[in-house]
Amino acid sequence: PGVFGALLLPMMANALSQGREVAGHRFAASTAYLMLLAAPLVAFGMVLSDPLIDLLYGAEYEEASTVFAVCLAGIAVITSAQGASSLLISADRQRAVLALILVCGLLKLGLDAWLIHIDGLRGALIAFAVVAAVNVVSYTTLAIRECGVSPDWGRLARTVLASALAAAPLLLVHHHLPAWVELLV
């Protein structure tokens, strides 16, 4: 998803030169495509995080599988909103983007200081997840306001559901097979 996302800035600039509606439709389409790439990665990454960490690092790093799953999900969701950030930058809304980056950075620092003190690693994961959600919602909301076009929420939901259903059968073999066999399945 990140590689595709890097191509969005020039594409959005070109679309804006053709009009806000064209840019809006490209924003919606790129969000759908990025979600199509990110959702299976997240679904399989979450289900396979335990055997992957076990295979790579051993059972003593079992706690890292949750960290891996949460960070993978957060980054993938942020990446799926790159169409929104590209639209905003192309529409000369750099101040809004900079303000959003500043707010998310300060929110992350504040939540980290508070939640890590209270709940350690789990607190850090909660802070990361909250800031990732705020980031995605904020960028998407600003992009919708800028172009007047919303992503196809039904299509996004179907993509997430299809990815979850595709990864769900792996839960049947979870912890019943050696890690390398589970990853092969």
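Residues numbered from 1 in each chain as written. Predicted model: local features only at pLDDT ≥ 70, side-chain atom pairs only at ≥ 80, totals over all residues. Heavy atoms only, no water.

Asker: Even after reading the chapter, I still don't get a negative patch on the surface, so can you show me in this structure?
Answerer: On the surface, Asp54, Glu60, Glu62 and Glu63 cluster together to form a negatively charged patch. Its place among the elements puts Asp54 in helix α4 (residues 49-57). Residue classification places Asp54 among the partly exposed positions, given a relative accessible area of 36%. (Patch = residues over 30% accessible without salt bridge, like charges linked within 9 Å, V, L, I, M, F, W, Y side chains within 5 Å. Areas by Shrake-Rupley, 256 points an atom, 1.4 Å probe, with all protein chains shown as cover. Salt bridge = Lys/Arg side-chain N within 4 Å of Asp/Glu carboxyl O. Lys, Arg positive; Asp, Glu negative; His and termini not counted. Charge placed at Lys NZ, Arg CZ, Asp CG, Glu CD. Helix = DSSP H or I, 4+ residues; strand = E, 2+ residues; numbered from the N terminus. Buried < 20%, exposed > 50% of the residue type's maximum accessible area, 1.4 Å probe, protein only.)

Asker: Got a minute to help me understand the packing of helix α6 (residues 82-90) against helix α7 (residues 94-147) in this structure?
Answerer: A pair of packed helices is characterised by two quantities: the angle between their axes and the separation of those axes. Where α6 contacts α7, the two axes come as close as 7 Å, and the packing angle between them is 50°. As summarised for this structure, α6 and α7 are arranged oblique, according to the angle between their axes. In the packing of α6 onto α7, the handedness of the crossing is left-handed. Each of Ala84, Ser85, Leu87, Leu88 and Ile89 in α6 lies in contact with α7, whose residues at this interface are Gln94, Val97, Tyr139, Thr140, Leu142, Ala143, Glu146 and Cys147. Split by residue class, the contact of α6 with α7 holds nine nonpolar, three polar and one charged. (Axes fitted to C-alpha atoms, helices over the stretch in contact; angles between N-to-C directions. Parallel < 35°, antiparallel > 145°, perpendicular 65-115°, else oblique. Left-handed = near helix turned anticlockwise from the far one by under 90°. Contact = heavy atoms within 4.5 Å. Nonpolar A, V, L, I, M, F, W, Y, C, P; charged D, E, K, R; others polar.)

Asker: Where do I start with the environment of Leu16 in this structure?
Answerer: Considering the arrangement of structural elements, one finds Leu16 in helix α2 (residues 8-18). Taking the relative accessible area as the measure of exposure, Leu16 reaches 17% and is therefore buried. Counting along the chain gives 75 residues from Leu16 to Ala91, while the straight-line C-alpha distance between them is 7.1 Å. The residues touching Leu16, leaving out its near neighbours within four places in the chain, are Ala23, Leu87, Ser90 and Ala91.

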